Amino acid sequence: MYVDDCLSSLSTDVEAISLIKNVTSLCEKGGFHMTKCISNSPLVIKSIPEEERAKEVKQWSLEDDLPVERALGVQWFIETDTLGFRIKCKEKIATRRSILSITSSVYDPLGIISPYVLNAKSILQGLCRQGFSWDKELTGPDLKKWNDWLDQLSDLENARIDRCYKPENFGKVVSSQLHCFSDASEIGYGMAFYLRLVDDEGMIHCSFVLGKSRVAPLKKVTIPRMELTAATRAVKLSKVILEELNYSIDKTFFWTDSMSVLRYISNQNICFHTFVANRLDIIHEATIVDQWKYINTKLNPADYASRGMSVSKFESNPDWFNGPEYLWKPEIEWPEGHIDKTIIDEDKEVKRVVNTTILSSEHHGLDRLFSLFSEWKKPKKITSWLFIALDNFRKLVKKRKQIRNRRQSESENSVDNQNERTFRKSLNGVTKDVQITLPTTETLNRSEIAIIKYEQSVHFEEEIHVLQNIDRGKVLKKSSKLFKLNPFIDEHGLLRVGGRLELADLPYDAKHQILSPKDSNISKLIIEDIHRSVGHLGKNSILAQLRQNFWIIGASCMIKGIVSKCVICRKYCAPFVDQKMANLPKERLISDKPPFTMVGMDFFGPFQINQGRSLVKRYGVIFTCLSIRAVHLEIAHSMDTDSCINAIRRLISRRGNPEFIRSDNGTNLVGAEREIREEIER
């Protein structure tokens, strides 16, 4: 059943007549009147009452030809039991809108005439590529192409296929195969599917199942990629066909004339680029390599769907409706194309992996050195020691130079041994006078500037070169990461953020932060140091503290990654452990007894009540059913035993005698009255 239509196919007239009677009587029981019956068998139509027949066959006689009926939107020529087309189009002005309207009116869900429709789609795509407006009238070559296509529309009645996959006199089917053909061209790509049946006497028959054609995308795509797309689409459609066909398919074959596609499918160990790799995953998931065969382009029926075909050529090219000629022969006589599985070295779809060791500038050595540090203060401290050593060395060189100059001025003409020994002693004494001091704040700041300046020279080399030569007319490119930050170089040679905060009452470092790259070990060390200094607070606190001195490109992402990997932050943000509740007591799980059989009791209050001119205390007693959670309330005049017993008695009078009363300390109060009285008497 399709909405209100019932379509079925049976082997004999007797089965069809029986089915019509049974379905009609069955629907009558539900209040549904089945009517407008029609069949391709005159005997079946004759068995149907005239008022229950379709409108076209009510006045039908044996001498007349059977009429044409629509089956789910497809024209069904009942006399010949074929599917075809009858299209009548109103004359319209040739515009892009009217072309789309007429092309869409050709209803062809099976793709019987998809090669012909591809020509109209190609015209539409050409107009779209030209930027043609929707209501502008066509002229020139485009109008001629459209008129040629439109003139053939009336000839579509000659394009028909048999409704039944199996001929009338065909024997018992012993083998059924699905053959899927795919092809692509510069115009588009297409697929064709055929069902090959073999009966018990060796008779072979091929039937058209489905055809598809698509225009090539507007963005230019290489032919091998188009061929692979067509093959992938053929695999997807074959899965749909296998689910819908009532035949049990023994084998499925995929045919293509693209040797590149066959090479890609055969080489499963090669790494391809994303476009090819994604489509090969779909193919390998649904098929095996042995299912793919090579076919010559001249024998490939999908070539019609990828290049387009006029209506007049359908009769001269029976391969489109009947499949290639070799499919009507035994498998031994099928063409065997040798597949060369070797991938061409120049193939651009293969992802090249090159392993190289780069030994270039000293930057890589320093970057590796910075990656070994775990805290920001360590590289600053080590660099400050280097500066101290450098300063001491410069002082040493300066003093020695002064001693040499003084000696030369004292004795230019005569040099005795005594003066020579004094000179040597003076030079050696300079080394002893050098004092090694601990790093100071000034030295540490100097080290920090030197390290950051080095990082900027590595990552922002082009920007620094432009800013240093800005007076020569050089301008920072808009594609630069620093363009929106309006950077400038300060007196220390550091890149800083510009902006309009020059007059703000803020520290200089907060107005013009030092720029630092994203992919840098130094930037990571700075963020981790601030993260520890703010006490492992969240992202916003770290970012606010960072902006007081530094502007790191992509700081938010870096902070998020560092916080997520911090063990201390994970401990702080760890969820609280939920205590699992104990099992419910058995008194609460009894379901086959009346309410208030099992009762829980507790006092609440007190409440101040006006009694005459005085205030007295009264307490509430709550009884709750342990099974259905019903509630019963009583008033107790005090917290003594008598008030409790009286409240229990009133409960018993109203709700019945409970088997179990649970107090707030877990004891059972059933029989409490008698036990309490005995205790009082003793």
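Here goes a summary of the coordinates provided.

About the cut-offs
Residues numbered from 1 in each chain as written. Predicted model: local features only at pLDDT ≥ 70, side-chain atom pairs only at ≥ 80, totals over all residues. Heavy atoms only, no water. Axes fitted to C-alpha atoms, helices over the stretch in contact; angles between N-to-C directions. Helix = DSSP H or I, 4+ residues; strand = E, 2+ residues; numbered from the N terminus. Left-handed = near helix turned anticlockwise from the far one by under 90°. Contact = heavy atoms within 4.5 Å. Nonpolar A, V, L, I, M, F, W, Y, C, P; charged D, E, K, R; others polar. Buried < 20%, exposed > 50% of the residue type's maximum accessible area, 1.4 Å probe, protein only. Pairing = 2+ DSSP bridges. Expected span 1.5 Å × (residues − 1). Phe/Tyr/Trp six-rings, centres within 6.5 Å; stacked < 30°, edge-to-face > 60°. Lys NZ or Arg CZ within 6 Å of the ring centre and 35° of its normal.

With that settled, consider the packing of helix α6 (residues 223–244) against helix α7 (residues 259–266). Angle between the axes and distance between the axes are the two parameters that describe a pair of packed helices. Relative to each other, α6 and α7 sit at 65°, their axes nearing to 9 Å. The crossing of α6 and α7 is right-handed. Of the residues in α7, those in contact with Pro224, Glu227, Leu228 and Ala231 of α6 are Ser260, Val261 and Tyr264. Across the contact of α6 with α7, the residue classes break down as five nonpolar, one polar and one charged.

A few words on the pairing of strand β7 (residues 204–215). Counting buried positions along β7 gives nine out of twelve residues, so the element sits mostly inside the fold. Judged from the eleven bridges that link them, strand β6 (residues 188–199) and β7 form a sheet pairing that is antiparallel. Paired with glycine 190 across the strands is serine 213, a residue of β7.

Further remarks concern helix α22 (residues 641–655). Relative to the 21 Å expected for 15 residues at 1.5 Å per residue, α22 spans 21 Å between its end C-alpha atoms, a close match to the ideal helical length. Residues of α22 that are buried include every one of Ser643, Cys644, Ile645, Ala647, Ile648 and Leu651, and no others.

The description of two aromatic rings rests on the distance between their centres and on the angle between their planes. Considering all chains together, one arrives at 15 aromatic pairs under this definition. Between the aromatic rings of phenylalanine 181 and tryptophan 255, the centroid separation amounts to 6.0 Å while the plane-to-plane angle is 15°, which identifies the pairing as stacked. Pair noted here: phenylalanine 181 is in strand β5 (residues 173–184) and tryptophan 255 is in strand β8 (residues 251–256), with a separation of 74 residues, a long-range link. For the pair formed by phenylalanine 181 and tryptophan 255, the shared burial category is buried. Ring pairs connect the aromatic residues Phe181, Tyr194, Phe208, Phe253, Trp255, Trp320, Phe321, Tyr326 and Trp334, which therefore count as one cluster. Its end group placed over the ring of tryptophan 134, arginine 96 keeps NZ or CZ at 4.0 Å from the ring centre.

What follows covers the sheet that holds strand β14 (residues 598–611). As summarised here, the arrangement of the four strands in space is β16-β15-β14-β17, forming an open sheet in which the pairing is mixed. The open sheet has two edge strands with one neighbour each: β16 (631–636) and β17 (660–662). Neighbour to neighbour, the strand axes of the sheet diverge by 35° on average, direction disregarded. Summarising the sheet, strand β15 (residues 614–625) and β16 pair through six bridges and their orientation is antiparallel.

By themselves, these observations are geometric and do not establish any function.
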